[in-house]
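# Descriptive analysis of the structure
Given next are the chains, with one letter for each unit.
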Amino acid sequence: MSQVERIIYCGVILESFFSIPEKIYDGLGFLPEESRVEVEALFQLKKKDHDIIIYTDHKNIRLVGIFPQQSSSAYFGYWESTNDPKLNSAAFRMLEEDAIKLGKPVITGPTNFNTFHRYRLRLGPVPSWTMFDREPVNPHYYPALLAHLNYRVSLTYESRRIPAAEIQKVYRDKQRFVEEVKKLPFEIIPLTPENWHLYEKDIYELIETIFSGNAGYRAIEQEEFSLLYNAQFAEKLCPYTASIFRDPKSGKLVALTFCHPNYKSISGEMGHFPSFELDYPRLKNPTMLAKSSGVHPAYRKMNLMNYSGAYAMLSFKELYDDTIFCLMKTDNYSRHFTDGIPCEKAFYALYEKNLGE
């Protein structure tokens, strides 16, 4: 067994960190989306208030211990490994020893710093879609490795793919909302790149307000938010199904829905970041990804979640063959939007270990 090193992050990430995933995912048909520029920028941003430690043998495993300095929490993230229980035992033992020294009694993961970035494992067989944009993916043996290390499932999630044959049932069940959405006393603003630029700060603030109560959520600065949610992200959104709702009386944003096509079928042909305008016409069987939706807490008894979905439905039939409702927490209210409709499901989990047990 190769030797696992403990490397305190001081501003530089070694080349081996980025080469390990290529070996792990060779031949699987999918590979986690990871931008070296984004990772290095995030590490630099986080080092001011996090202890960050990398455990790696530079060939077969990488693991990052993430220790927020002003919190009792600890996370493991950026974990990629061959199917080697002994190697993982060595790396995770070092992680757990550091957590104890730093007074962190519980470790959660996989989480790349927080829920804005990649987190969770995908469980079970590979679904028909193989991988959608920013979906957590991993070799099938990852859950077994964590179970061997006594990490247990703490939270569960699922994605649901609804094929074209079942879409009409959604329209039938939600027809009232489809008919009423145009009469709402709210301004519906399509999420075009221009509107994103206009409302970017308001969108960031609305997301903080909507999701701050979610399990595992940790507030972030707008600088970190913009590493992922920026002009490039806006380019790939579908302006016919992605929207923000604005209260004309207060001028504040009150609801949002992020939707865009699944560009994975043509990702190998693109030499650029996905763009709805450029790339949607090239998709042969377009799938809509329903990625995020939410309503400001003060407006949650007005059916705005249903109306946001109804706005998307106004154009859905002309644009898409099917849809995937992505990464919904198992007990989340929004999951009920598709209850009762036959669908293909994929499941995911977040893990934790209490070091005091």
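Computed from a prediction, not measured in an experiment: that's the story for all the values here. (Residues numbered from 1 in each chain as written. Predicted model: local features only at pLDDT ≥ 70, side-chain atom pairs only at ≥ 80, totals over all residues. Heavy atoms only, no water.)

In this section: the pattern of salt bridges. The final tally for this structure, using the stated rule, is 18 salt bridges. Residues Arg122 and Glu135 are paired through a salt bridge, measuring 3.1 Å at the closest nitrogen-oxygen approach. Of this pair, Arg122 sits in strand E6 (residues 121–123) while Glu135 sits in the loop between E6 and helix H4 (142–148), and the two are 13 residues apart along the sequence. What you see here is one network of salt bridges that share partners, running through Glu15, Arg36 and Glu40. (Salt bridge = Lys/Arg side-chain N within 4 Å of Asp/Glu carboxyl O. Helix = DSSP H or I, 4+ residues; strand = E, 2+ residues; numbered from the N terminus.)

Formed by 33 residues in total, the largest nonpolar core has its most connected members in Tyr55, Phe76, Trp79, Phe92, Leu95 and Tyr151. Of all the secondary structure elements, the ones that give two or more residues to this core are helix H1 (15–24), strand E2 (50–56), strand E3 (61–68), strand E4 (73–81), helix H3 (85–101), H4 and strand E13 (344–354). Top contributing element to this core by residue count: H3, with seven residues. Core analysis: the second largest hydrophobic core is formed by 24 residues, Ile203, Tyr204, Ile210 and Phe225 among them. (Core = buried A, V, L, I, M, F, W, Y, C linked by side-chain atoms within 4.5 Å. Buried < 20%, exposed > 50% of the residue type's maximum accessible area, 1.4 Å probe, protein only.)

According to the stated counting rule, one finds two cavities of 30 Å³ or more in the structure shown. Estimates place the volume of the largest cavity at around 80 Å³. In terms of lining residues, the largest cavity is bounded by Tyr78, Trp79, Glu80, Pro110, Asn112, Arg118, Tyr119, Arg120, Leu121, Val137, Asn138 and Tyr142. Looking at the lining of the largest cavity element by element, the count peaks at three residues for E4. Of the residues that constitute the lining of the largest cavity, the class distribution is seven nonpolar, two polar and three charged. Reported here for the second largest cavity is a volume of approximately 60 Å³. Considering the residues around the second largest cavity, the lining is formed by Ile7, Val12, Ile13, Leu14, Ser16, Phe17, Ile54, Thr56, His58 and Arg62. (1 Å grid on protein atoms, 1.4 Å probe; cavity = no way out; pocket = protein on both sides within 12 Å on 5 of 7 lines; lining within 4 Å. Points joined across faces, edges and corners; volume = space filled by probe spheres on them. Nonpolar A, V, L, I, M, F, W, Y, C, P; charged D, E, K, R; others polar.)

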